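Residue-level listing of the chains:
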Amino acid sequence: NVIDGLIESEVTSRTYIVSDKHDIAVMSISGKYSDLLGGSGIITNYTSNALKKVSAEFYESDGSFGVEFISDMKLSGMDSRKQPQKSMSLYLRKEYGLQTVSYPFFDNYNLTKFDSLLLRNAGEDPRRIRLQDAVQTRVLKGQMDIDMQEYRPVAVYINDEYYGMLNLRERMNEDYVVNKYDIEKGETNFYKYATQQKGNTDEYKALVNYINSHNMANSEYYEYVKSQVDIQELINYWVVQSYFGNTDLGNIRYYKTSNGKFRWMIYDQDWSLWSSTTSFAYPIKGGSIPAATALDSSVNISRKLYQNSEYKDLYLTTFAKHLKETFNDTRMNKIVDELAKEVENEMPKHISKWGSASGITSMNVWKNNLENYKTMISKRYKYVKQNVKQQFGLSEEEYRKYFGDIE
């Protein structure tokens, strides 16, 4: 309550979890009931894009208090909004007291400043493991220079009621670039799909026009493109999308800072590693792109650059390196096991909350889904190794040069 004539104090929230024990971190969200739940609440209405003020508290897995902040919250995602459990984005606001929260939410990560956070329901989770996107980004960590979302599983409470397990992720937006690379706000052109989100599209349109109107086999023209594009990062991006066989390539985000080069972001990998035999070379070659509902020209950029011998050599060298190391199926399946073990004790509670609505009706079903996913990973690795020569149209000499030492 606020008494007239007195100064309003800072709002502080605490949640006391008595009956449940969690081995993972906890995020507790509190807000006006009618804003969040009930007939008009944003969580109840999946089409809502309304922002609602909430209080968020974060507790570590040992129960110790971490941090709290006031923020706006809205639903996140597109088709995944239709699922019973929703994804939610949290946006800090200066008018609520904090523009940025400083806290080490993610292990072994040097970034501790966040203007926004994402609580993700694992997307459409086609394999019903709740870890697919997390696994495929964790596989890349420390292996290559690429922008991607950190991950941490959290047990979520909304107005003191258990809401199940969600994946705490970074939001891939201008704030990510500002905080990670210590860039001033307003100094970044940020693009989502084929449209500009922050800044303007002039530089990108000029780049696309230049590439389309010049022969990229010419070293002079290619050198200009190198001055505009972080070539190694672009190659890393397409190596990942190619090997994972991402069938949802409409999800493309990229940016350019005022003094930097264009870079691309890895996110939303739910529909990757769906089929072990998806043609992993398709972002480079011609042909249709599956499910690319809002495809922008970054695909065509890479296709054009592949005509340049220097780019092609770097692409194939990078692909071979990560095929041998990063995507090794033994390594990837070990990461699956590690992430699964981290949430294993939380899964019965999550299944009890959502049941058949989540597509995971029992722990046996979940574990079987994990084994099927690991089998897929091993099949994918074997398929790529067997087909790499044909897919890239390599001669025997070229194949031995790039892939000859892969067992």
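It should be emphasised that the depicted structure is a prediction, and the values quoted were computed from it without experimental measurement.

*Asks:* Where do I start with the overall build of the chain in this structure?
*Replies:* Counting its regular elements, the chain contains 12 helices and 14 strands. Across the chain, contacts joining residues at least 24 apart in sequence account for 70% of those joining residues at least 6 apart. As displayed, the chain offers around 18,200 Å² of accessible surface, 46% of which is attributable to carbon and sulfur atoms.

*Asks:* I would appreciate a short explanation of the sheet that holds strand β9 (residues 151-158) in the present structure.
*Replies:* A barrel is described by the order of its strands in space; here seven strands give the closed sequence β1-β2-β3-β4-β7-β10-β9, paired in mixed fashion. In this sheet, neighbouring strand axes are inclined to one another by 40° on average, regardless of whether the strands run parallel or antiparallel. Here strand β7 (residues 116-120) runs beside strand β10 (residues 161-170); their pairing, made up of four bridges, is antiparallel. From the neighbouring strand, L117 faces β10, where its bridge partner is E170. Those strands touched by helix α9 (residues 329-343) are β9 and β10, and its axis lies near 20° from that of β9.

*Asks:* So what exactly am I meant to see when it comes to the packing of helix α6 (residues 231-244) against helix α11 (residues 363-392) here?
*Replies:* Each pair of packed helices can be summarised by the angle the axes make with each other and by the distance between the axes. In the contact formed by α6 and α11, the axes pass within 10 Å of each other and the chain directions differ by 110°. If you check the angle between α6 and α11, you find them roughly perpendicular. On the side of α6, the interface is formed by S242, Y243 and F244, while α11 contributes R380, Y381 and V384. Here the residues of the contact of α6 with α11 sort into four nonpolar, one polar and one charged.

*Asks:* What am I meant to see in the confidence of the model for the chain here?
*Replies:* Low pLDDT marks regions whose predicted coordinates should not be analysed in detail. Here the chain shows a mean pLDDT of 88. Residues at 70 or above account for 89%. Mean pLDDT values over the elements of the chain span from 58, in strand β12 (residues 195-198), up to 98, in α9. The low-confidence segment residues 290-296 (pLDDT under 50) makes 22 contacts with residues lying over four places distant or belonging to another chain.

*Asks:* Looking at this structure, I do not really get the packing of aromatic side chains. What am I missing?
*Replies:* If you walk through the whole model with that rule in mind, you get 30 aromatic pairs. Ring geometry for F106 and Y109: centres 6.2 Å apart, planes at 80°, overall edge-to-face. The exposure class assigned to F106 is buried, which follows from its relative accessible area of 2%. Both rings, one in F319 and one in F392, keep their centres 5.4 Å apart while their planes meet at 70°; by these two values the pair is edge-to-face. With F319 in helix α8 (residues 309-324) and F392 in helix α11, the pair connects residues that are 73 residues apart, well separated along the chain. Positioned above the aromatic ring of W354, the side-chain terminus of K353 is 5.4 Å from the ring centre. Just above the ring of Y243 sits the side chain of R380; from NZ or CZ to the centre is 5.7 Å.

*Asks:* Help me out: how do you make sense of the pattern of salt bridges in this one?
*Replies:* A side chain of one charge can pair with a side chain of the opposite charge when the charged atoms of the two come close. All chains considered together, the criterion is met by 27 salt bridges. Among the salt bridges present, the one from D175 reaches K185, with a minimum N-O distance of 2.8 Å. With a gap of 10 residues between them, D175 in helix α3 (residues 174-181) and K185 in the loop between α3 and β11 (188-192) connect regions that are remote in the sequence. Classification of D175 as buried rests on a relative accessible area of 14%. Take K185: its relative accessible area is 44%, and that puts it in the partly exposed class. Between K312 and E398 there is a salt bridge, with its nearest N and O atoms 3.9 Å apart.

*Asks:* Help me out: how do you make sense of α3 in this one?
*Replies:* Residue pairs three or four apart in sequence face the same way in an α-helix, which turns once every 3.6 residues. Most of α3 is tucked away, with six of its eight residues classed as buried. Turning to α3, its buried residues number three or more, namely E174, D175, Y176, V177, V178 and N179. For α3, the N-terminal cap is N173; the gap from its side-chain oxygen to the backbone nitrogen of D175 is 3.1 Å. Where α3 terminates, the next one or two residues include D182, which has phi positive at roughly 55°.

*Asks:* How should the pairing of β10 be read in this particular structure?
*Replies:* In the case of a regular strand, side chains alternate between the two sheet surfaces. With nine of its 10 residues buried, β10 lies for the most part within the structure. Two successive antiparallel strands, β9 and β10, enclose a turn made up of two residues, where N159 displays a positive phi of approximately 50°.

*Asks:* Is there a simple way to think about the nonpolar core in this case?
*Replies:* Across soluble globular proteins, nonpolar side chains have a tendency to be buried as a group. Grouped together as the largest cluster of nonpolar side chains are 77 residues, with contacts concentrated most on L131, Y315, F319, F392 and F403. The residues touching F319, leaving out its near neighbours within four places in the chain, are V239, S242, Y243, F280, V384, F392 and F403. Of all hydrophobic cores here, the second largest spans 40 residues; its members include M27, L75, V101 and F190.

*Asks:* For this particular structure, what's the right way to read the pairing of strand β4 (residues 87-92)?
*Replies:* With six of six residues buried, β4 lies mostly within the body of the structure. Side chains of β4 alternate between two faces, with S87, S89 and Y91 and M88, L90 and L92 buried alike. Summarising the sheet, β4 and β7 pair through four bridges and their orientation is antiparallel. Directly across from M88, in β7, lies its bridge partner L119.

*Asks:* I'm lost on the packing of α8 against α11 in this one. Help?
*Replies:* One can describe the packing of α8 onto α11 by two numbers: an axis separation of 12 Å at closest approach and a directional angle of 165°. By the criterion of interaxial angle, the relationship of α8 to α11 is roughly antiparallel. In the crossing of α8 with α11, the sense of the turn from one axis to the other is left-handed. Of the residues in α11, those touching α8 at Y315, L316, F319, L323 and K324 are Y381, V384, K385 and F392. Among the residues forming the contact of α8 with α11, the class breakdown is seven nonpolar, no polar and two charged.

Here is what the cut-offs are and how they apply
The written sequence of each chain sets the order in which its residues are numbered from 1. Confidence filtering applies because this is a predicted model: local features only for residues at pLDDT of at least 70, side-chain atom pairs given and counted only at 80 or more, and all residues used for totals across whole chains, interfaces and linings. Hydrogens and water molecules were not included; the side-chain quantities draw on all heavy atoms of the structure. Secondary structure elements follow DSSP: runs of H or I of four or more residues count as helices, runs of E of two or more count as strands, with numbering from the N terminus. Note on contacts: a residue pair qualifies if any of its non-hydrogen atoms lie within 4.5 Å across the two residues. All accessibility values rest on the Shrake-Rupley procedure with a 1.4 Å probe; residue burial counts only the protein chains present in the view. Any two strands between which DSSP finds at least two bridges are classified as paired. Axis definition: a line fitted to C-alpha atoms, limited for helices to the stretch in contact. Angles are taken between N-to-C directions and run from 0 to 180 degrees. An angle counts as roughly parallel when it lies under 35 degrees, as roughly antiparallel when it exceeds 145, as roughly perpendicular when it falls between 65 and 115, and as oblique in every other case. Under the convention adopted here, Pro, Cys and the residues Ala, Val, Leu, Ile, Met, Phe, Trp and Tyr are nonpolar, Asp, Glu, Lys and Arg are charged, and Gly plus all remaining residues are polar. pLDDT is a residue-level measure of predictor confidence that goes from 0 to 100. Paired rings are identified among Phe, Tyr and Trp, the last through its six-membered ring, by centres lying within 6.5 Å, and are further divided according to the angle between planes into stacked (under 30 degrees), edge-to-face (over 60) and tilted (the rest). Categorising residues by exposure relies on relative accessible area from a 1.4 Å probe, with only protein chains included: less than 20% of the type maximum marks a residue as buried, more than 50% marks it as exposed, and the intermediate range marks it as partly exposed. Either the NZ atom of lysine or the CZ atom of arginine qualifies as a charge over a ring when it sits within 6 Å of the ring centre and within 35 degrees of the ring normal. We define a salt bridge as a side-chain nitrogen of Lys or Arg found within 4 Å of a carboxyl oxygen belonging to Asp or Glu. Side-chain atoms alone can form a polar contact between residues adjacent in sequence; in general such a contact is a pair of N or O atoms within 3.5 Å, and within protein one must be able to donate a hydrogen while the other accepts it. To define a nonpolar core, start from buried Ala, Val, Leu, Ile, Met, Phe, Trp, Tyr and Cys residues and group those joined through side-chain atoms within 4.5 Å. Crossings are assigned a handedness: left-handed for a near helix turned anticlockwise from the far helix by less than a right angle, right-handed for a clockwise turn.

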